[in-house]
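One-letter residues, chain by chain:
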Amino acid sequence: MNLKTAYEPYFKIGAAISRWNLHTPAHMKLLKEQFNSFTCENDMKPMFYLDKDENKKHPDKYNLSPALKFDSASPYLDFAKNSGIAMRGHTLVWHNQTPKWFFCERYNENFPYADRETMLSRLENYIKGVLGFVQEKYPNIIYAWDVVNEIVDEGAFRKSLWTKTVGEDFFIKAFEYAKKYVAPGVDLFYNDYETSEPWKRDFIIEHVLKPLIDKNIVDGVGLQSHLLMDHPNLDIYKTALEMYGELGLKINITELDMHNNDPSDESMHLLALRYKEFFKIYLDAKISGKANITAVTFWNLLDENSWLTGFRRETSFPLLFKGKCEAKEAYYEVIKAALSVGESGNSDKTGEGEGTADNKLNKNIAVDKWSPNYPDSDYEISDMPARDMKNFGTEIWEEGEYKYEAAYGFTPNVFAYLHNDDEKRDCMLVVPGGGYCMVVPHEGELVAREFYNRGMNVFVLTYTTDITMSVPLKMQPLKDISRAVRFIRKDAAKYNIDGKKLCICGFSAGGHVCGSLAVHYMDVEDDNPKYSDISNRPDGVILSYPVITTGEYTHADSIKALLGN
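Residues numbered from 1 in each chain as written. Predicted model: local features only at pLDDT ≥ 70, side-chain atom pairs only at ≥ 80, totals over all residues. Heavy atoms only, no water.

## Regarding the overall build of the protein
Looking only at helices and strands, the protein has 18 helices and 19 strands in total. Reported as C-alpha extents along the three principal axes, the dimensions of the protein are approximately 75 × 60 × 55 Å. Among the 565 residues that make up the protein, the fraction classed as buried is 55%. Considering only residue pairs separated by 6 or more positions, the protein has 77% of its internal contacts joining residues 24 or more positions apart. Summed over all atoms, the accessible surface of the protein reaches about 24700 Å², with 47% contributed by carbon and sulfur. Across the protein, the mean location of the 65 positive side-chain charges is 4 Å away from that of the 83 negative side-chain charges. (Helix = DSSP H or I, 4+ residues; strand = E, 2+ residues; numbered from the N terminus. Buried < 20%, exposed > 50% of the residue type's maximum accessible area, 1.4 Å probe, protein only. Contact = heavy atoms within 4.5 Å. Areas by Shrake-Rupley, 256 points an atom, 1.4 Å probe, with all protein chains shown as cover. Lys, Arg positive; Asp, Glu negative; His and termini not counted. Charge placed at Lys NZ, Arg CZ, Asp CG, Glu CD.)

## What to know about the layout of surface pockets
By volume, the second largest pocket is sized at about 270 Å³. As for the second largest pocket, its lining consists of 15 residues, of which Trp397, Glu401, Lys479, Glu525 and Asp527 are closest to the centre. Split by residue class, the lining of the second largest pocket holds four nonpolar, three polar and eight charged. (1 Å grid on protein atoms, 1.4 Å probe; cavity = no way out; pocket = protein on both sides within 12 Å on 5 of 7 lines; lining within 4 Å. Points joined across faces, edges and corners; volume = space filled by probe spheres on them. Nonpolar A, V, L, I, M, F, W, Y, C, P; charged D, E, K, R; others polar.)

## Observations regarding the packing of aromatic side chains
Counted by the stated rule, this structure contains 33 aromatic pairs. Ring geometry for Phe102 and Phe103: centres 5.6 Å apart, planes at 75 degrees, overall edge-to-face. Each member of the pair, Phe102 as well as Phe103, carries the same accessibility label: buried. Site record: aromatic cluster; members linked through ring pairs are Tyr49, Phe70, Phe102, Phe103, Tyr126, Phe133, Tyr138, Phe157, Trp162, Phe170, Phe171 and Phe203. The ring of Trp20 carries the charged tip of Arg19 above its face, separated from the ring centre by 5.9 Å. Over the ring of Phe189 we find Arg88, and its NZ or CZ is 5.2 Å from the ring centre. (Phe/Tyr/Trp six-rings, centres within 6.5 Å; stacked < 30°, edge-to-face > 60°. Lys NZ or Arg CZ within 6 Å of the ring centre and 35° of its normal.)

## Some details on the nonpolar core
If you look at the biggest cluster of nonpolar residues, it comprises 123 residues, and the most contacted ones within it are Tyr7, Trp145, Tyr275, Phe279 and Tyr282. Element by element, the count of residues in this core is highest for helix H12 (residues 265–288), at 11 residues. Apart from the residues lying within four places of it in its own chain, the contact partners of Trp145 are Met44, Tyr49, Gly89, His90, Leu92, Val130, Leu131, Val134, Val186, Asp187, Leu188 and Phe189. (Core = buried A, V, L, I, M, F, W, Y, C linked by side-chain atoms within 4.5 Å.)

## A word on the confidence of the model for the protein
Across the protein, pLDDT averages 93, with 95% of residues at or above 70. Note that residues 343–362 has pLDDT below 50 and, in this model, 36 contacts with residues that lie over four places away or in other chains. (pLDDT = per-residue confidence, 0-100.)

## Points about the packing of helix H11 (residues 234–245) against H12
Put simply, H11 and H12 touch, their axes get as near as 11 Å, and they point 25 degrees apart. For the element pair H11 / H12, the angle class is roughly parallel. As H11 runs across H12, the sense of the crossing is right-handed. Where H11 approaches H12, its residues Leu234, Tyr237, Lys238 and Leu241 are matched on the opposing element by Arg274, Glu277, Phe278, Ile281, Tyr282 and Ala285. (Axes fitted to C-alpha atoms, helices over the stretch in contact; angles between N-to-C directions. Parallel < 35°, antiparallel > 145°, perpendicular 65-115°, else oblique. Left-handed = near helix turned anticlockwise from the far one by under 90°.)

## So, the packing of helix H16 (residues 476–490) against helix H17 (residues 509–520)
Two numbers describe how H16 lies on H17: the axes approach to 9 Å, and their chain directions differ by 70 degrees. With respect to H17, the axis of H16 lies roughly perpendicular. Between H16 and H17, the contacting residues are Pro477, Leu478, Ile481, Ser482 and Val485 on the first element and Val513, Cys514, Ser516, Leu517 and His520 on the second. The class makeup of the residues in the contact of H16 with H17 is seven nonpolar, three polar and no charged.

## Section: helix H15 (residues 445–453)
All of the buried residues along H15 are Val447, Ala448, Arg449, Phe451 and Tyr452. Two residues or fewer after H15 comes Gly455, characterised by a positive phi angle close to 100 degrees.

## Things to note about the pairing of strand E16 (residues 427–431)
Counting buried positions along E16 gives five out of five residues, so the element sits mostly inside the fold. Side chains of E16 alternate between two faces, with Cys427, Leu429 and Val431 and Met428 and Val430 buried alike. Judged from the four bridges that link them, E16 and strand E17 (residues 457–462) form a sheet pairing that is parallel. Counterpart to Leu429 in the pairing with E17 is Phe459. For the crossover from E16 across H15 to E17, the handedness is right-handed. Relative to strand E18 (residues 502–507), E16 runs parallel, the two sharing five bridges. (Pairing = 2+ DSSP bridges. Right-handed = clockwise from strand over helix to strand, strands pointing away.)

## Overview of the pairing of strand E10 (residues 250–259)
Among the 10 residues of E10, nine are classified as buried, and the element is accordingly described as predominantly covered. Of the strand pairs in this sheet, strand E8 (residues 220–223) and E10 are connected by four bridges, and their pairing is parallel. In the strand pairing of E10, Gly220 is matched with Lys250. Pairing of E10 with strand E11 (residues 292–298), which is carried by five bridges, proceeds in the parallel orientation.

## A closer look at the environment of Glu525
Here Glu525 shows up in the loop between H17 and strand E19 (540–544). The spacing of Glu525 and Leu283 is 242 residues in sequence and 59 Å in space, taken between C-alpha atoms.

Structure (structure tokens):
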């Protein structure tokens, strides 16, 4: 008994995988043994299909029909084809990870935005090209596509380059094109996060799904379900699930995880129990007919692979497996939820509810122990193609040096985007914003890749913030960036930046961090003799919408997080 066999009567069980998972044999064995569906975590998003070099080289040729490439997607599709495992396509249209140049005249980000008709042509031919490639080369592999992703924000349609160039109906056009070119039997989904929040739920239903349903161009809705230990409320989540179900659409839980920064047995026990409650909701909705759930996908395989550690700025333990593919207690509770339904698999719709997961729960159900016996060599990365970019992360403070009171296990760090060659290059240190409450990812990686593409070696700094605003940050973020500059310069030869300039680029609160260093670098001493004699003065600074104004026009929460009340 395992996940896919336990849930076979009800819905597919899947996991997202990265290229590192794909080239780690043990991880792929785990995927094949436990799951019957998977999603490519990152490499099938728009930026990986759009051929930047070809489009920029021949902008007239590709003006209305962008050149595409499939080198990032093909390894995942090959695996699915060779393994006989089903696959979700994620994602065709998104405001994020779609490069700005795609929206501009002549594919040049320094030119004006293209007009609506040009962008509609590009959108149609992009969707036609992606679907055509997959369906011709890999027929019957992908069973569902996330056509459009995350277009609702703050009570309205999210402002994006799609709305700027096409208008708010861009998502309808995307679904029209997808419906036109998709193979029979492949489902088309709208996908979003926080879909149980009442305001967002209602907006998605009324302004996104119903218009698509009226045109008969949508098959399902994807509820991402990035959960917390205390959010969302179970009843609110269940209500939302059933409201989406009433629309007659298929439901996929597309990006399931549950952030928990405490790996203790007690905390992991609570994680397991909460997972069980959500799966009881899924099973009850499916069995009762209140929501036609056809797939549930976890957002990666192992705790160590989860995106949440970077996003939440603290180590997260959010999934069912860890380490060497070991099952956590949550794994067993999720299986027990399925086994507790009973042999008939039917809920009692007459009012007694005897067939529901809740009423048939047997706390004494035994589940086979999962004991993978993969050799150590299977945990080594194998046959990963050589990459032009070297990526790695490293902490900038040594043990015992970093003493911020509200760190909760976090240590400031830099993540590198380096050219895999011996050329000496200028260096850019990117410092994202987040109101001193968090470090937002979109002002990190996207910016880093742009500077990288322009020939620089790049680092992104994750500095000290405090979402609880419980302990004023004061000098700590300034100390973090000062150490980061010294840390990078100390190994300048290793990073191929010796003799070159080191500049800093900060956004929002990160702009305040950078501006502070540019003005006060001489006021920040470093007690570690390894770094004390290394200059922390940047050679240049870019401040992007920096939070540097106080008084009447200040961003109050940033100042509160920094200095306290």
